[in-house]
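This is what each chain is made of:
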Amino acid sequence: QVQLVESGGGLVQAGGSLRVSCAASGRTFSRYAIGWFRQAPGKEREFVAGITGSTYYADSVKGRFTISRDVAKNTVYLQMNSLKPDDTAVYYCAAKEFWVRITDPNRYDYWGQGTQVTVSS
């Protein structure tokens, strides 16, 4: 079993930056594919970024967001730059054992509770 806890969300002005974190409780992320997803009110949960041996990004965030691992801290980060109001959502991290179908939320086994990111204009 893997427990995931997101942190680092908050309120930021458009054009600003935030870094959200996904920390594993008692486990390392090294063997898992980790995905960041987000969900805005009334919308479907959507893929944002993922990391395995490679990194993956939704077209909407490519060039603005960077996903990375700190293995020693059992933590995955999502650095979000040039934020815009459309990025406003609850951001969730998720983990899965197999490095396939990285963009599909239905394939993930473990989920955190989410952290709110609000981007004001």
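Below, the structure is looked at part by part. Remember, predicted model here, so these are calculated numbers, not experimental data.

## A closer look at the sheet that holds strand β7 (residues 65-70)
Remark on secondary structure: sheet strands pair via backbone hydrogen bonds, oriented parallel or antiparallel.
Here is step 1: Pairing within the open sheet is antiparallel, and its four strands lie in the order β1-β3-β8-β7. This sheet does not close on itself; its edge strands, each paired only once, are β1 (4-7) and β7. Neighbour-to-neighbour, the strand axes of this sheet turn through a mean angle of 15°, independent of strand direction.
Here is step 2: Two strands pair when backbone bridges link them, and β1 and strand β3 (residues 18-24) are joined in this way by four bridges, in the antiparallel orientation. Bridge pairing in β3 links Val-5 to Ala-23.

## A few points about the packing of aromatic side chains
Here is step 1: Applying the stated criterion to the full structure yields six aromatic pairs.
Here is step 2: Their ring planes at 75° and their centres at 5.7 Å tell us that Phe-37 and Phe-47 sit as a pair that is edge-to-face. Remark: Phe-47 occurs in strand β5 (residues 46-51) and Phe-37 occurs in strand β4 (residues 33-39); sequence separation between them is 10 residues.
Here is step 3: Classification of Phe-37 as buried rests on a relative accessible area of 0%.
Here is step 4: These aromatic residues form a ring-pair network of at least three members: Phe-37, Phe-47, Tyr-92, Tyr-108 and Trp-111.
Here is step 5: Just above the ring of Tyr-92 sits the side chain of Arg-45; from NZ or CZ to the centre is 3.9 Å.

## Quick word on the nonpolar core
Here is step 1: Membership of the largest hydrophobic core comes to 34 residues, with the highest contact counts inside it found for Trp-36, Val-48, Phe-65, Leu-78, Met-80 and Tyr-91.
Here is step 2: Of all the secondary-structure elements, those providing two or more residues to this core are β3, β4, β5, β7, β8 (75-80), β9 (89-96) and β11 (115-120).
Here is step 3: Considering every element that reaches this core, the biggest residue donor is β9, with five residues.

## Quick word on the state of the cysteines
Here is step 1: A full pass over the atoms with the stated rule returns one disulfide.
Here is step 2: A disulfide bridge connects Cys-22 with Cys-93, and the sulfur atoms are separated by 2.0 Å. A torsion of 70° about the S-S bond marks the disulfide between Cys-22 and Cys-93 as right-handed. Here Cys-93 lies in strand β9 and Cys-22 lies in strand β3, a separation of 71 residues in the sequence.
Here is step 3: Accessibility expressed as a relative area gives 0% for Cys-22, which makes it buried.

The rules behind these values
Residues numbered from 1 in each chain as written. Predicted model: local features only at pLDDT ≥ 70, side-chain atom pairs only at ≥ 80, totals over all residues. Heavy atoms only, no water. Pairing = 2+ DSSP bridges. Helix = DSSP H or I, 4+ residues; strand = E, 2+ residues; numbered from the N terminus. Axes fitted to C-alpha atoms, helices over the stretch in contact; angles between N-to-C directions. Phe/Tyr/Trp six-rings, centres within 6.5 Å; stacked < 30°, edge-to-face > 60°. Buried < 20%, exposed > 50% of the residue type's maximum accessible area, 1.4 Å probe, protein only. Lys NZ or Arg CZ within 6 Å of the ring centre and 35° of its normal. Core = buried A, V, L, I, M, F, W, Y, C linked by side-chain atoms within 4.5 Å. Disulfide = S-S within 2.5 Å.

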